[in-house]
Amino acid sequence: MDGFTSWPNDLVARYIAEGYWSDRLLGDVLRGDPGRIALVAGDERLTYADLDRRADRTAAGFHRLGIRRGDRVVLQLPNTASFVVVFLALVRLGAAPVLALPAHRHSEIGYLCELSQARAYVIPDRHGGFDYRELARSLDVEHVVVDGDAAEFTALASLDAEPVPLDRPDPADVGLFLLSGGTTGLPKLIPRTHRDYVYNLEASAEVCGFTADTVYLVVLPVAHNFALACPGILGAFAVGGTVVLAPSGSPDEAFPLIERERATACAVVPPIALLWLDAATWSDEDLSSLELLQVGGAKLAAEPAAQVPKVLGCVLQQVFGMAEGLLNYTRLDDPPELVETTQGRPLCPADEIRVVDPDTGEPVPEGETGELLTRGPYTLRGYYRAPEHNARSFTPDGFYRTGDLVRRLPSGHLVVEGRHKDQINRGGDKVSAEELEGHLLAHPAVHDAAVVGMPDPMMGERTCAFLITRGTPPTLRELKDFLRERGLADYKWPDRVETVDTFPRTPVGKISKKELAARLA
Ligand code: OOB
């Protein structure tokens, strides 16, 4: 596939020889007993046999539409059985799903369709008060497939056809595209091959102790790497467990499902963990089935971390991961001290870690804080079709510059100490400062904009936009309306606006975001 950077031959040989890469494909992850429940979503309960058949029939439907191995399809469905069926259908076909989040709008989707040259776009009719068909009408894609009332488009239900023999993908093929949290003006696509992602989900399932008895509850968007494959729904399927989809992480929705389905494992971001710790003290639901709570996406403080086992009666696992690849997990038998105060250690023995001075690139003394660089069998070697960005994001020998500042303990566990990238981590949702600044600058009353994170007790951080304006400064409300108009996902909108006359500058004349952030702390 053009625009995809593969691993060099010596590493390919090594990852195969050492057993990290196999011939197993993403389409073959349904490994449960045919009669067992694979998926519970709303009123639907699908056995492994049901899900397998629906995936094959839907693959045949996409094939009839003309979708083939190597094509790209933007997939934007919420936590529904349809997401799972379409995902499996596409990877079986060898067509790579581009996983958009339900919150994305015209600004993100238009760009993703263009960049990936998507042949199809799969959406719900309406979800969360938004009509996705309206968004589809503003795009130029060959096929729009709608789950629900399709209007002038193709109904997902109509893509139900007699299974046909399919051209099997190669394990080295790109199996799917994940979205990067982003640090630049436009989002980036992360190609994940069948074999690297199969390793990702299988090794994660092992480290997390997933078995056929696992009942995995999904509360994050299932299109997010964490809920999809760390070990996520795919890891649960690969060991024959059961997946339960919840619409959100709100205790009102998640707790009754834990009780009813006897859920054993769940992945959340820190704000949800904090909500659960609070709600568990007064809720009536029986949460005793829960054995493992994975918390990641943003840093969980040591204090709530220590509360998790006491209040929720389960094991805590901290997860420091990234869609780009590298996953760090605290292990289920790690001493409490490490589980509470670190963000885990790398999943794979072949994950290579360097901690360097972000300015010089030189390794820092062992135990000191520096930027995390990494390379390994499931970490990308380049963003898709982004040569200039890749030149900056990777070292000449192929290490990915994570932009995360970490400290490494003698045990190999990493402690996340901060960030050396222009991004706000809003409770696990990533906001590229440059992307938001670009949109703000398009407002007629905005002369200049600088976006920084501000500390927040629940979210970890929220987003503050400092503006230099001309004429009457726009209110926060007006700016949000403006950004909605521009089709920017709502989690990227600022939470606060501050109008200033000038920006503080660094000695070399760049805007000092450090100083702006200090004003908010
Ligand atoms: C996960 O993936 P992304 O791609 O949304 O975000 C990755 C970034 C990391 O580079 C780091 O800055 C931050 O999110 N992050 C954490 C963290 N987990 C992620 N920062 C501090 N502590 C943590 N535990 O967020 C993601 C992907 C797979 C599994 C889990 C999370």
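Cut-offs applied
Residues numbered from 1 in each chain as written. Predicted model: local features only at pLDDT ≥ 70, side-chain atom pairs only at ≥ 80, totals over all residues. Heavy atoms only, no water. Pairing = 2+ DSSP bridges. Helix = DSSP H or I, 4+ residues; strand = E, 2+ residues; numbered from the N terminus. Axes fitted to C-alpha atoms, helices over the stretch in contact; angles between N-to-C directions. Salt bridge = Lys/Arg side-chain N within 4 Å of Asp/Glu carboxyl O. Buried < 20%, exposed > 50% of the residue type's maximum accessible area, 1.4 Å probe, protein only. Near = heavy atom within 4 Å. Polar contact = N/O pair within 3.5 Å; in protein donor to acceptor, adjacent residues only side chain to side chain. Areas by Shrake-Rupley, 256 points an atom, 1.4 Å probe, with all protein chains shown as cover. Nonpolar A, V, L, I, M, F, W, Y, C, P; charged D, E, K, R; others polar. UniProt positions renumbered as here; feature names shortened; annotations may be inferred. Disulfide = S-S within 2.5 Å. Core = buried A, V, L, I, M, F, W, Y, C linked by side-chain atoms within 4.5 Å. Contact = heavy atoms within 4.5 Å.

### Focus on the sheet that holds strand 22 (residues 414–419)
Here is step 1 of the chain: Strand order in the open sheet made by the 4 strands is 19-20-21-22, with antiparallel pairing throughout. Among the strands making up the open sheet, the edge pair consists of strand 19 (352–356) and strand 22. For this sheet, the mean inter-axis angle between neighbouring strands, taken without regard to orientation, is 45°.

### Some thoughts on the pattern of salt bridges
Here is step 1 of the chain: Throughout the structure, instances matching the rule amount to 41 salt bridges.
Here is step 2 of the chain: Taking the shortest distance from any N to any O, the salt bridge between Arg-375 and Glu-352 comes out at 3.0 Å. Placement of Arg-375 in strand 20 (residues 370–375) and of Glu-352 in strand 19 is noted, with a sequence separation of 23 residues between them.
Here is step 3 of the chain: Accessibility expressed as a relative area gives 22% for Glu-352, which makes it partly exposed.
Here is step 4 of the chain: Salt bridges sharing common partners tie together Arg-126, Asp-131, Arg-133 and Asp-149.

### Quick word on the site of the ligand
Here is step 1 of the chain: Not every one of the 20 residues close to the ligand is listed here, only the nearest: Val-319, Ala-323, Asp-404, Lys-421 and Lys-430.
Here is step 2 of the chain: Take Lys-299: an N or O atom from its main chain is 3.4 Å from a nitrogen atom of the ligand.
Here is step 3 of the chain: Within the backbone of Val-319, a nitrogen or oxygen atom sits 2.8 Å from a nitrogen atom of the ligand.
Here is step 4 of the chain: Here the ligand has 600 Å² of accessible area as a free molecule, and 95% of this is covered by the chains.
Here is step 5 of the chain: For the shell around the ligand, the secondary structure elements donating two or more residues are helix 7 (225–229) and strand 16 (315–322).
Here is step 6 of the chain: The element that contributes the greatest number of residues to the shell around the ligand is strand 16, accounting for 4 residues.
Here is step 7 of the chain: Partitioned by chemical class, the residues of the shell around the ligand number 9 nonpolar, 7 polar and 4 charged.

### Quick word on the UniProt feature "domain: AMP-dependent synthetase/ligase" (unreviewed entry) in the protein
Here is step 1 of the chain: The UniProt entry lists residues 31–384 under the feature "domain: AMP-dependent synthetase/ligase" (unreviewed entry), expressed in the numbering used here.
Here is step 2 of the chain: Helix makes up 32% of residues 31–384 and strand 25%, whereas the separation of the span's terminal C-alpha atoms amounts to 31 Å.

### Description of unusual backbone geometry
Here is step 1 of the chain: At the junction of Cys-230 and Pro-231, the peptide bond is cis and its omega measures out at -15° in the coordinates.
Here is step 2 of the chain: Mapped onto the elements of the fold, Pro-231 is located in the loop between helix 7 and helix 8 (232–238).
Here is step 3 of the chain: The phi torsion at Gln-117 lies on the positive side, around 55°, for a residue other than glycine.
Here is step 4 of the chain: Structurally, Gln-117 can be placed in the loop between helix 4 (106–116) and strand 5 (120–124).

### A closer look at the state of the cysteines
Here is step 1 of the chain: Inspection of the entire model under this criterion finds 0 disulfides.
Here is step 2 of the chain: Of all cysteine sulfurs, the one in Cys-230 lies closest to Cys-208, which takes part in no disulfide; the gap is 8.7 Å.
Here is step 3 of the chain: Classification of Cys-230 by relative accessible area gives buried; the value is 2%.

### Description of the nonpolar core
Here is step 1 of the chain: Core analysis: the biggest nonpolar cluster contains 170 residues, and Leu-217, Phe-237 and Trp-276 have the highest contact counts within it.
Here is step 2 of the chain: Residue contributions to this core peak at 11 residues, all from helix 3 (residues 81–93).
Here is step 3 of the chain: Not counting chain neighbours up to four residues away, the residues in contact with Trp-276 comprise Leu-217, Val-219, Gly-249, Pro-251, Ala-254, Phe-255, Ile-258, Cys-266, Val-268, Leu-290, Leu-293 and Leu-312.
Here is step 4 of the chain: Listed in part, the 10 residues of the second largest apolar core include Ala-450, Val-452, Met-454 and Leu-516.

### Re the side chain of Thr-379
Here is step 1 of the chain: Positionally, Thr-379 belongs in the loop between strand 20 and helix 13 (387–393).
Here is step 2 of the chain: A polar contact of 3.1 Å, which involves the side chain of Thr-379, links it to the backbone nitrogen of Leu-326.
Here is step 3 of the chain: Setting aside chain neighbours within four positions, we find Thr-379 in contact with Trp-7, Glu-324, Gly-325, Leu-326, Thr-374 and Tyr-400.

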